[in-house]
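Chain and residue survey
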Amino acid sequence: MRLYLSDLHLEQPGTPVFRTFARLVERESKTVEAIHILGDLTEVWVGDDDDGPLALGLKSVLKNAASRCRVTVMHGNRDFLMAERFAGATGVKLLSDPHMLDDGTLLSHGDGFCIDDEAYQQVRALFRSADWQKDILSQSLEARRELARTLRTQSQTTNANKAENIMDVAVREVDRVAAELGAKRMIHGHTHRPGRHRHPWGYRYVLGAWEHCAWIARQPEAGAEPVLECLPFSD
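Throughout what follows, the structure given in this document is the object of discussion. (Residues numbered from 1 in each chain as written. Predicted model: local features only at pLDDT ≥ 70, side-chain atom pairs only at ≥ 80, totals over all residues. Heavy atoms only, no water.)

With that settled, consider the packing of helix α1 (residues 16-28) against helix α2 (residues 53-66). Direction vectors running N to C along α1 and α2 enclose 20°, while the axes themselves pass 9 Å from each other. Here α2 runs roughly parallel to α1, going by the angle between their axes. The chirality of how α1 crosses α2 is left-handed. Counting all contacts with α1, which are made through Phe18, Phe21, Ala22 and Val25, the residues of α2 involved are Leu54, Gly57, Leu58, Val61, Leu62 and Ala65. (Axes fitted to C-alpha atoms, helices over the stretch in contact; angles between N-to-C directions. Helix = DSSP H or I, 4+ residues; strand = E, 2+ residues; numbered from the N terminus. Parallel < 35°, antiparallel > 145°, perpendicular 65-115°, else oblique. Left-handed = near helix turned anticlockwise from the far one by under 90°. Contact = heavy atoms within 4.5 Å.)

Set out below in structure tokens:
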């Protein structure tokens, strides 16, 4: 059994979303082969030296889960500053995007497929560049927190003025990447539009954001087709 989730946008421990995540990975890590987190685990990540409540709580949850099963984390557009120090402290493995599993399941956060949003792709390239990240991480922790607040506000304003279609994946790009890499199925998040889509090469599964429920995909065994589930949040 493999478990997939993305777009939790965790902000503080003690919230229903965080409690649900903590209980889910504690329970599932006892029986599944792997838990794959496909980006935007947190609403923001200002660096592996963060000593705030969310960072400390998240590291504890992941460390416990990773002691029982394989846990992987892929960068999204919110948590791209997670790095090897975080991986070392928790025992998780950081995955490149996209990443192919041994059964032909292609994993991605999904934002790289949104090529019709050219402005976003330019920002994405900047934020993932080594020089930009090095410059940001050289700043104080408080300065990075303030920058994160500013960028979040700007992002909300910008997205509110964009056409809905350009914020979704471009199917032609999905098909191009799937064909190039030989995917038999694909799982991604980012768009907050959960569902299953048929393509010439197989099915594409889109994970939902943890807004009104906890979206996950379960794959019973390697090579099997996943099943999307929407679980209620913990009280």
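Let's pick the thread back up.
Next up on the list: the sheet that holds strand β6 (residues 105-108). In spatial order, the strands read β5-β6-β7-β9-β8; together these five strands make up an open sheet with mixed pairing. Across the chains shown, the open sheet's two edge strands, defined by having one partner strand only, are β5 (99-100) and β8 (195-199). With two bridges joining them, β5 and β6 adopt antiparallel strand pairing. When the sheet's bridge partners are listed, histidine 99 is paired in β6 with leucine 107. (Pairing = 2+ DSSP bridges.)

For the rest of this paragraph, the subject is the pattern of salt bridges. A full pass over the atoms with the stated rule returns 22 salt bridges. Aspartate 111 serves as the salt-bridge partner of arginine 128, at 3.6 Å between the closest nitrogen and oxygen. Here aspartate 111 lies in the loop between β6 and α4 (118-127) and arginine 128 lies in the loop between α4 and α5 (130-137), a separation of 17 residues in the sequence. In this structure arginine 128 comes out as partly exposed when scored by relative accessible area, which is 28%. Residue aspartate 111 is classed as buried on the basis of its relative accessible area, which comes to 0%. Residue arginine 185 pairs with glutamate 225 through a salt bridge whose shortest N-O separation is 3.1 Å. Taken together, the residues arginine 185 in strand β7 (residues 185-188) and glutamate 225 in the loop between β10 (214-219) and β11 (227-231) connect sequence positions 40 residues apart. One network of salt bridges, in which partners are shared, links Arg2, Glu33, Asp102, Asp103, Arg185 and Glu225. (Salt bridge = Lys/Arg side-chain N within 4 Å of Asp/Glu carboxyl O. Buried < 20%, exposed > 50% of the residue type's maximum accessible area, 1.4 Å probe, protein only.)

Turning our eyes to something else, we now look at the state of the cysteines. According to the stated counting rule, one finds one disulfide in the structure shown. Each disulfide pairs two cysteine sulfurs, and for cysteine 213 the partner residue is cysteine 230, the sulfurs being separated by 1.6 Å. One disulfide, between cysteine 213 and cysteine 230, carries an S-S torsion of -75° and so falls in the left-handed class. Linking cysteine 213 in the loop between β9 (202-206) and β10 with cysteine 230 in strand β11, this pair joins segments that are 17 residues apart in sequence. A residue is classified by how much of its surface remains accessible, and cysteine 230, at 36% relative accessible area, is partly exposed. (Disulfide = S-S within 2.5 Å.)

Attention now moves to the pairing of β9. Among the five residues of β9, four are classified as buried, and the element is accordingly described as predominantly covered. Bridge count for β7 against β9 is four bridges, and the pairing is parallel. In the strand pairing of β9, isoleucine 187 is matched with tyrosine 205. In this structure, β8 lies alongside β9, joined through five bridges in antiparallel fashion.

Right, let's talk about the sheet that holds strand β2 (residues 34-37) for a bit. The strand order across the open sheet built from six strands is β4-β3-β2-β1-β10-β11, with neighbouring strands paired in mixed fashion. A single partner strand is all that each edge strand has here, and the edge strands are β4 (93-95) and β11. For this sheet the average axis-to-axis angle between neighbouring strands, irrespective of direction, equals 25°. Looking at chain direction, β10 and β11 are connected through five bridges and run antiparallel. Looking at the pairing, alanine 214 lines up with leucine 231 of β11.

On inspection of all chains with the given rule, the structure shows six aromatic pairs. Measuring from centroid to centroid gives 4.6 Å for phenylalanine 127 and tryptophan 132, while their planes differ by 35°, and the two rings are tilted. For the pair phenylalanine 127 and tryptophan 132, a shared accessibility class is recorded, and that class is buried. Relative to tyrosine 205, the ring of tyrosine 203 has its centre 6.3 Å away and its plane inclined at 50°; by these criteria the two rings are tilted. Overall, the relative accessible area of 1% leaves tyrosine 205 in the buried class. The positively charged end of arginine 196 is found above the aromatic ring belonging to tyrosine 203, 4.0 Å away from the centroid. (Phe/Tyr/Trp six-rings, centres within 6.5 Å; stacked < 30°, edge-to-face > 60°. Lys NZ or Arg CZ within 6 Å of the ring centre and 35° of its normal.)

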